[in-house]
Amino acid sequence: MNTSNQASQNSFFERCYLVVQRIPYGKVTTYGAIARHLGAGKSARVVGWAMNNSHDRDIPAHRVVNRIGVLTGKHHFGGTHIMKQLLQSESHQFDGDQILNFKDVFWDPTDD
DNA sequence: ACGGTGACCACTT
DNA sequence: TAAGTGGCCACCG
């Protein structure tokens, strides 16, 4: 949990960052989709970790949610509902922490 | 070098 | 149909 080692992350993390940055405005994707796109379909957790470090970069981590469209990482996102606020700014609708019409706003990196 | 951790996903009861 | 458990990969101390 140290922020002084960001320079060490040069392969998997950056790979995640690139994909997240490719997420179009008004769309979202999932950790599993990213992981699978990178060829590590089972390392979705690592993607979450990358998002954790993404705070040091300009990564729209708020556009990344779990496979059911729930903002699992909102607590890690600066503390509270900022993640939700950002997504709402992108015309997303919520039911609590669940994105409505998630399937409709879902963006698959492979479909890019 | 080893064990523990994590913003998850899929399979099995 | 719903809930529970394990597995998986990479990073940190």
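As a reminder, the structure under discussion sits directly above these lines.
1. Focus on the pattern of salt bridges
- Here the structure, examined in full by the defined rule, presents 3 salt bridges.
- Between R57 and E14 there is a salt bridge whose closest N-O contact spans 3.2 Å. Placement of R57 in the loop between helix 3 (44-53) and strand 2 (64-65) and of E14 in helix 1 (residues 12-21) is noted, with a sequence separation of 43 residues between them.
- A salt bridge links K74 to D97; the shortest N-O distance between them is 3.4 Å. You can see K74 sitting in the loop between strand 2 and helix 4 (82-89) and its partner D97 sitting in the loop between strand 3 (94-95) and strand 4 (98-99), a full 23 residues away along the chain.

2. Describing the protein's contact with DNA strand B
- Among the 18 residues in the neighbourhood of DNA strand B, the closest are listed as Y31, R45, W49, M51 and H76.
- Close to the protein, within 4 Å, the atoms of DNA strand B are drawn from sugar and phosphate at a rate of 44%.
- At 3.2 Å from a base nitrogen of DNA strand B is found a side-chain nitrogen or oxygen belonging to H55.
- One of the side-chain nitrogen or oxygen atoms of H76 is found 2.5 Å away from a phosphate oxygen of DNA strand B.
- Those elements that provide at least two residues to the surface near DNA strand B are helix 2 (31-37) and helix 3.
- Of the residues that constitute the surface near DNA strand B, the class distribution is 7 nonpolar, 8 polar and 3 charged.

3. Notes on the packing of helix 1 against helix 3
- Contact geometry for helix 1 and helix 3: axes closest at 9 Å, N-to-C directions at 80°. In this view, helix 1 runs roughly perpendicular relative to helix 3, as classed from their interaxial angle. Residue-level inspection shows F12, F13, C16, Y17 and V20 of helix 1 in contact with helix 3, the latter providing V46, V47, W49, A50, M51 and N53.
- Here the residues of the contact of helix 1 with helix 3 are counted per class, giving 10 nonpolar, 1 polar and no charged.

4. What to know about helix 1
- Burial in helix 1 covers these residues: F13, C16, Y17, V19 and V20. Mapping the buried residues of helix 1 onto a view down its axis gives an arc of 165°, with all of them on the same face.
- Looking at the packing, one finds that the buried side of helix 1 touches helix 2, helix 3 and strand 2.

5. Overview of the nonpolar core
- Core analysis: the biggest nonpolar cluster contains 26 residues, and M51 and I99 have the highest contact counts within it.
- Those elements that place two or more of their residues in this core are helix 1, helix 2, helix 3, strand 2, helix 4 and helix 5 (102-105).
- With 5 residues, the single largest contributor to this core is helix 1.

What counts, and at which threshold
- Residues numbered from 1 in each chain as written.
- Chains lettered and ligands numbered in written order.
- Predicted model: local features only at pLDDT ≥ 70, side-chain atom pairs only at ≥ 80, totals over all residues.
- Heavy atoms only, no water.
- Salt bridge = Lys/Arg side-chain N within 4 Å of Asp/Glu carboxyl O.
- Helix = DSSP H or I, 4+ residues; strand = E, 2+ residues; numbered from the N terminus.
- Near = heavy atom within 4 Å.
- Polar contact = N/O pair within 3.5 Å; in protein donor to acceptor, adjacent residues only side chain to side chain.
- Nonpolar A, V, L, I, M, F, W, Y, C, P; charged D, E, K, R; others polar.
- Axes fitted to C-alpha atoms, helices over the stretch in contact; angles between N-to-C directions.
- Parallel < 35°, antiparallel > 145°, perpendicular 65-115°, else oblique.
- Contact = heavy atoms within 4.5 Å.
- Buried < 20%, exposed > 50% of the residue type's maximum accessible area, 1.4 Å probe, protein only.
- Arc of directions from axis to C-beta.
- Core = buried A, V, L, I, M, F, W, Y, C linked by side-chain atoms within 4.5 Å.

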